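# Residue-level structural notes
Listed below, chain by chain, are the residues.
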Amino acid sequence: MTQATENYKIIPYAESYRDDIIFMVLEAKDALGRVPRLNPDLLDVQKHYLDTGDMFWLAIDQQNRVIGCIGYNAIPGTTEVKLHRLYVKAVRKRQGIGSRLLQTAERHLKAQGKTAAHVHLGGKEYFESHHFYPKHGYIAYAPSQMKKEL
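Notes on the structure in this doc start here. (Residues numbered from 1 in each chain as written. Predicted model: local features only at pLDDT ≥ 70, side-chain atom pairs only at ≥ 80, totals over all residues. Heavy atoms only, no water.)

## Looking at the overall build of the chain
If you tally the helices and strands in the chain, you get 5 helices and 8 strands. If you list the helices and strands of the chain from N to C, you get β-β-α-α-α-β-β-β-α-β-α-β-β. A compact globule built from 150 residues should have a C-alpha radius of gyration of about 15 Å, and the chain, at 14 Å, falls within 12% of that. The principal-axis extents of the C-alpha atoms in the chain amount to approximately 40 × 35 × 30 Å. (Helix = DSSP H or I, 4+ residues; strand = E, 2+ residues; numbered from the N terminus. Rg over C-alpha atoms; globule rule 2.2 N^0.38 Å.)

If you want it as C-alpha cells, here you go:
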C-alpha cells in the first residue's frame, strides 16, 4: 500500500533504498548530536523485518529520496510488537512525516490483529521521542519504555 501526501509518500521498504535509508539515519543521528553509528538491522532490513513476517516503511520525497522510516518486530508468543527506527530527516521534521509513518504502522498492526505497540525511547539525546510518543497515545510503563494499546 502506498500513501501519497502533498510532497512525500509512504511505501513499503524496497532494497533499492538501502543505501539512502542508511545515509538518512546516520544524518538524523548526527543532527541529534550523537556519534553516528549504524544499527545492524538497517544493513539488512529484508532479513530483520520482512523475512520474519514483520514490516518496514519508508517516507520518500518527490526526488525519490528517503526522508523517514519506521519498522516493527512482533514479540514472540504475544499479539504485541516493538516499533523500531522511527527517524525523520532533520530538515524535514515537524512536517507530520513521523506522525504519518507511525499512523501507517499502527493501521497495519491493527489490521494484522496486533493489540499493542511498544517503543524504547532511547537516552536523553532522543528528547524528541519523549514528547512525540505521548502525543500519539503512548504511555510510559518503565524507564524509557512506552506502550500503546491498539
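That shown, we press on.
## Focus on the pattern of salt bridges
As enumerated under the stated definition, the model contains 9 salt bridges in all. A salt bridge links Asp41 to Arg85, with the nearest nitrogen and oxygen atoms 3.1 Å apart. In this pair, Asp41 is assigned in helix 2 (residues 40–43) and Arg85 in strand 5 (residues 80–88), connecting sequence segments 44 residues apart. A relative accessible area of 9% means that Asp41 is categorised as buried. Two residues, Arg94 and Glu128, come together in a salt bridge whose shortest N-O distance is 3.3 Å. Of the two residues, Arg94 is situated in the loop between strand 5 and helix 4 (97–111) and Glu128 in helix 5 (residues 127–135); the sequence distance between them amounts to 34 residues. Judged by relative accessible area, which is 69%, Arg94 ranks as exposed. If you follow the salt bridges from partner to partner, you end up with Glu80, Lys147 and Glu149 in one network. (Salt bridge = Lys/Arg side-chain N within 4 Å of Asp/Glu carboxyl O. Buried < 20%, exposed > 50% of the residue type's maximum accessible area, 1.4 Å probe, protein only.)

## Topic: helix 1 (residues 18–31)
The end-to-end C-alpha separation of helix 1 is 20 Å, in line with the 20 Å expected for 14 residues at 1.5 Å each. On its buried face, helix 1 sits against helix 2, strand 3 (55–61), strand 4 (66–74) and strand 5. Just downstream of helix 1 lies Gly33, where phi reads positive at about 85 degrees. (Expected span 1.5 Å × (residues − 1). Contact = heavy atoms within 4.5 Å.)

## Here's the deal with helix 5
Within an α-helix, residues lying three or four positions from one another point in the same direction, as the helix has 3.6 residues per turn. By the burial criterion, the buried members of helix 5 are Ser129, Phe132 and Tyr133. In a view along the axis of helix 5, the buried residues occupy a sector of 90 degrees, so they form one face of it. Opposite the packed face of helix 5, turned more than 90 degrees from it, sit the exposed residues His131 and Lys135. Buried-residue contacts for helix 5 involve strand 5, helix 4, strand 6 (116–120) and strand 8 (145–149). (Arc of directions from axis to C-beta.)

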